[in-house]
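Listed here are the chains, written in short residue letters.
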Amino acid sequence: MEVIFDKERVQHIAGQTVDWMRSIQGTPHPMSAYVSGIINEWEKGGDPICRKAPHLVYTHLPINPYIDDRTDGTIGLSYLDVAAPAFGIGTCWAGFIRMAVDSYEPLRQALEIPEGRKMAYAMLFGYPKFKVNAIPRRNPLQVDWV
Ligand SMILES: Cc1cc2nc3c(=O)[nH]c(=O)nc-3n(C[C@H](O)[C@H](O)[C@H](O)COP(=O)(O)O)c2cc1C
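Definitions and limits used
Residues numbered from 1 in each chain as written. Predicted model: local features only at pLDDT ≥ 70, side-chain atom pairs only at ≥ 80, totals over all residues. Heavy atoms only, no water. Core = buried A, V, L, I, M, F, W, Y, C linked by side-chain atoms within 4.5 Å. Buried < 20%, exposed > 50% of the residue type's maximum accessible area, 1.4 Å probe, protein only. Contact = heavy atoms within 4.5 Å. Helix = DSSP H or I, 4+ residues; strand = E, 2+ residues; numbered from the N terminus. Near = heavy atom within 4 Å. Polar contact = N/O pair within 3.5 Å; in protein donor to acceptor, adjacent residues only side chain to side chain. Nonpolar A, V, L, I, M, F, W, Y, C, P; charged D, E, K, R; others polar. Pairing = 2+ DSSP bridges. Axes fitted to C-alpha atoms, helices over the stretch in contact; angles between N-to-C directions.

A. How the structure looks around the nonpolar core. Within the largest apolar cluster, 30 residues are counted, with the highest numbers of intra-cluster contacts made by Ile 13, Ile 49, Leu 56, Ile 97, Leu 107, Leu 111 and Met 119. Residues within four places of Met 119 in sequence aside, it is in contact with Tyr 58, Thr 59, His 60, Arg 70, Ile 97, Arg 98, Val 101, Leu 111 and Ile 113.

In structure tokens, the structure reads:
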């Protein structure tokens, strides 16, 4: 697990993720049709990637050419996600970083992923700016008993 504590580094990582989005524009990548809105928001001073969060944590696993199962590293972050509010800490899964990291070397370098390892998942965290007064409405869970 690596923790990027410095907010400026987190912002740099967000910028590298936006650069990855620029690199897939006009390509057959399944995300290419969606990235222009995100890039625009970034260019207007917003941060749709890291939400201006101060810190970023990610888990990593050995690269194995035969098995690409990142479940345990993701489970670890899920525990953090559940435990954090008890410590007054807010979290947000960093899905865009995860989407970009395997195929964009400058982002791998910015994250300083250790040699021979790959990211399982990443999570933003910090003391929340907003207080949540009510749990957001959810779609009802659909369960099939088969
Ligand atoms: C796999 C995964 C990736 C996500 N990636 C992002 C992301 O990149 N940016 C973002 O703002 N929210 C992202 N989210 C959503 C938030 O982390 C969070 O799950 C959502 O806002 C609901 O939070 P809550 O269950 O605490 O209300 C992602 C969620 C999941 C499950």
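B. Spatial organisation of the environment of Leu 124. Secondary-structure assignment places Leu 124 in strand E4 (residues 117-126). Exposure remark for Leu 124: the relative accessible area of 2% places this residue in the buried category. Separated by 68 residues in the primary sequence, Leu 124 and Leu 56 place their C-alpha atoms 4.4 Å from one another. Non-local contacts of Leu 124, meaning those with residues more than four positions away in its chain, are made with Val 10, Ile 49, Cys 50, Ala 53, His 55, Leu 56, Gly 90, Thr 91, Cys 92 and Ala 94.

C. A look at the site of the ligand. All residues adjacent to the ligand are Arg 51, Cys 92, Trp 93, Ala 94, Gly 95, Phe 96, Tyr 121 and Arg 138. Within the backbone of Trp 93, a nitrogen or oxygen atom sits 3.0 Å from an oxygen atom of the ligand. Between the ligand and the protein, one listed contact pairs an oxygen atom with a side-chain N or O atom of Arg 138 at 3.0 Å. Those elements that provide at least two residues to the shell around the ligand are strand E3 (90-93) and helix H4 (95-101). Its residues assigned to classes, the shell around the ligand shows five nonpolar, one polar and two charged.

D. Fine view of unusual backbone geometry. The residue Lys 52 is not glycine, and still its phi comes out positive at about 55 degrees. Take Lys 52: it is sitting in the loop between helix H2 (35-43) and strand E2 (55-62). The phi torsion at Glu 112 lies on the positive side, around 55 degrees, for a residue other than glycine.

E. Seen up close, the sheet that holds E4. One open sheet holds the four strands; their spatial order is E1-E2-E4-E3, and the pairing between them is antiparallel. Since the sheet does not close on itself, it has two edges, and those belong to strand E1 (2-4) and E3, each with one partner. The mean inter-strand angle of the sheet, taken between neighbouring strand axes irrespective of direction, is 25 degrees. In this structure, E2 lies alongside E4, joined through eight bridges in antiparallel fashion. Residue pairing for E4: Thr 59 is matched across the bridge by Tyr 121. Running at roughly 10 degrees to E4, helix H3 (residues 71-83) makes contact with E2, E3 and E4 of the sheet.

F. Structural context of the pairing of E4. Of all 10 residues in E4, eight are buried; the element is thus mostly enclosed. Inspection of the sheet shows E3 paired to E4 by four bridges, in the antiparallel sense. Counted as the bridge partner of Thr 91 is Phe 125 from E4.

Function-wise, these values are silent; they only describe arrangement.
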